[in-house]
Amino acid sequence: MAQAKTTPVKDNRTRILLVDDHAVVRFGIAQLINRQSDMVVCGEEEDAANALSAIAKVSPDLVTADISLKDSSGLELMRNIKAQYSKLPVLVVSAHDESIYAEIAFRAGALGYLMKQEALEKILTAIRRVLSGNIYVSDALAAKMLQQQIRGKVDIQESPVKGLSDRELEVFQLIGQWKKTSEIAHELHLSIKTIEYYREQIKRKLNLKNSSELTQHATSWVQRELPT
């Protein structure tokens, strides 16, 4: 008797690529996603270059990414995704302060911003909202953004780094991580002269006298903004 032919069942689950340089974070998020009947983690990466390669190979429906990745910039990854895969949504999951970085991430191409301390509680809601084409931010940030839009009100206690451009803030953060100018240039795919220009602009905007003050100020800010 001839055996009946079987047709492979198509997997219609939403495919999600996790990009974070902390394996514990990826593991926790993956556990939540893979428990859903309509979602599956299709890959995990810890740096921007491998993430872009993975997107080409596994064709995810959504990417979650941190602002800081292993030896690379999450913001740069988002810009590349926006340029190469304009319809691929990105949800930021990061420990970086949303009041400073969310707006920058949105300009880089993200559709949502979730703080890591809320990730396990809100990740599924954030993913579903972004997949539906909507923006996701915390209730607190949404209220602040709405207030600023309606009243034009600016928080007088806002961090002075808010006056930096997106690139300047990236450079400032990397300086605070004790990265050398050549290392910053390599990570951001810019020339050393360009990084030196940004350093001078940061010093001017923050009223810092020299490179030592810049390094000290940047280091202190990174330690406050990303407590260990």
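Scroll up for the structure.
Only a predicted model underlies this, so the values are computations on that prediction, with no experimental measurement involved.

## With respect to empty space enclosed by the protein
Reasoning step 1: Enumeration over the complete set of coordinates arrives at one cavity of 30 Å³ or more.
Reasoning step 2: Lining the largest cavity are Leu 18, Val 19, Asp 20, Val 25, Arg 26, Ile 29, Thr 64, Ala 65, Asp 66 and Val 93.
Reasoning step 3: Among the elements of the structure, β1 (14–19), α1 (23–34) and β3 (62–65) are those that each provide at least two residues to the lining of the largest cavity.
Reasoning step 4: Broken down by element, the lining of the largest cavity gets its largest block of residues, three residues, from α1.

## Looking at the sheet that holds β3
Reasoning step 1: Strand order in the open sheet formed by five strands is β2-β1-β3-β6-β7, and the pairing between neighbours is parallel. Each edge of the open sheet is held by one strand with a lone partner, namely β2 (39–45) and β7 (112–115). With direction set aside, neighbouring strand axes in the sheet form an average angle of 25°.
Reasoning step 2: As paired elements, strand β6 (residues 90–94) and β7 share four bridges and run parallel to each other. When the bridges of β7 are listed, Val 92 appears paired with Tyr 113.
Reasoning step 3: Against the sheet, helix α3 (residues 74–84) contacts β1, β3 and β6, and its axis sits at roughly 175° relative to β6.
Reasoning step 4: Along the sheet, helix α5 (residues 119–131) makes contact with β1, β2, β3, β6 and β7, crossing β6 at roughly 165°.

## Thoughts on helix α2 (residues 48–58)
Reasoning step 1: Those residues of α2 that sit buried are Ala 48, Ala 51, Leu 52, Ala 54 and Ile 55. Down the axis of α2, the sector holding all buried residues measures 160°, keeping them to one side. In this structure, α2 carries Ala 49, Ala 56 and Lys 57 as exposed residues pointing more than 90 degrees from its buried face.
Reasoning step 2: Elements in contact with the buried residues of α2: β1, β2, β3, β4 (68–69), β5 (72–73) and α3.
Reasoning step 3: Taking the backbone nitrogen of Ala 49 as reference, a side-chain oxygen 3.2 Å away marks Asp 47 as the first, capping residue of α2.
Reasoning step 4: Backbone geometry just after α2 places Ser 59 at a positive phi near 50°.

## Considerations on the packing of α3 against helix α4 (residues 98–108)
Reasoning step 1: Two numbers describe how α3 lies on α4: the axes approach to 8 Å, and their chain directions differ by 30°. In terms of orientation, α3 lies roughly parallel with respect to α4. In contact with Leu 75, Met 78, Arg 79 and Lys 82 of α3, α4 contributes Ile 104, Ala 105, Arg 107 and Ala 108.
Reasoning step 2: The class makeup of the residues in the contact of α3 with α4 is five nonpolar, no polar and three charged.

## Some words on the nonpolar core
Reasoning step 1: Residues Val 63, Leu 77, Met 78, Leu 169 and Phe 172 are the most contacted members of the largest nonpolar core, which totals 49 residues.
Reasoning step 2: In terms of residue count, the dominant contributor to this core is α4 (six residues).
Reasoning step 3: Sequence-distant contacts of Leu 169, that is, excluding residues within four places in its chain, are made with Ile 100, Tyr 101, Ile 104, Val 161, Leu 164 and Trp 221.
Reasoning step 4: Leu 62, Ile 123, Val 130 and Tyr 136 belong to the second largest nonpolar core, which has 18 residues in total.

## Examining the pattern of salt bridges
Any two side chains of opposite charge can pair, on the condition that their charged atoms come close.
Reasoning step 1: Under the criterion given, the structure shown has 15 salt bridges.
Reasoning step 2: Glu 170 is the partner of Arg 79 in a salt bridge, and the nearest nitrogen-oxygen pair spans 3.1 Å. Of this pair, Arg 79 sits in helix α3 while Glu 170 is found in helix α7 (residues 166–176), placing the two residues 91 residues apart along the sequence.
Reasoning step 3: Its salt-bridge partner being Lys 203, residue Glu 200 comes within 3.0 Å of it at the nearest N-O pair. In this pair, Glu 200 and Lys 203 are both assigned in helix α9 (residues 192–205), three residues apart and thus about one turn of the helix distant.
Reasoning step 4: For Glu 200, a relative accessible area of 45% translates into the label partly exposed.
Reasoning step 5: Note on Lys 203: relative accessible area 11%, which makes it buried.

## Description of the packing of aromatic side chains
Reasoning step 1: The full count for this structure, using the stated rule, is one aromatic pair.
Reasoning step 2: With a centroid separation of 5.9 Å and 55° between ring planes, the pair formed by Tyr 197 and Tyr 198 is classed as tilted.
Reasoning step 3: We classify Tyr 198 as buried; its relative accessible area is 16%.

Rules used throughout
- Residues numbered from 1 in each chain as written.
- Predicted model: local features only at pLDDT ≥ 70, side-chain atom pairs only at ≥ 80, totals over all residues.
- Heavy atoms only, no water.
- 1 Å grid on protein atoms, 1.4 Å probe; cavity = no way out; pocket = protein on both sides within 12 Å on 5 of 7 lines; lining within 4 Å.
- Points joined across faces, edges and corners; volume = space filled by probe spheres on them.
- Helix = DSSP H or I, 4+ residues; strand = E, 2+ residues; numbered from the N terminus.
- Pairing = 2+ DSSP bridges.
- Axes fitted to C-alpha atoms, helices over the stretch in contact; angles between N-to-C directions.
- Contact = heavy atoms within 4.5 Å.
- Buried < 20%, exposed > 50% of the residue type's maximum accessible area, 1.4 Å probe, protein only.
- Arc of directions from axis to C-beta.
- Polar contact = N/O pair within 3.5 Å; in protein donor to acceptor, adjacent residues only side chain to side chain.
- Parallel < 35°, antiparallel > 145°, perpendicular 65-115°, else oblique.
- Nonpolar A, V, L, I, M, F, W, Y, C, P; charged D, E, K, R; others polar.
- Core = buried A, V, L, I, M, F, W, Y, C linked by side-chain atoms within 4.5 Å.
- Salt bridge = Lys/Arg side-chain N within 4 Å of Asp/Glu carboxyl O.
- Phe/Tyr/Trp six-rings, centres within 6.5 Å; stacked < 30°, edge-to-face > 60°.

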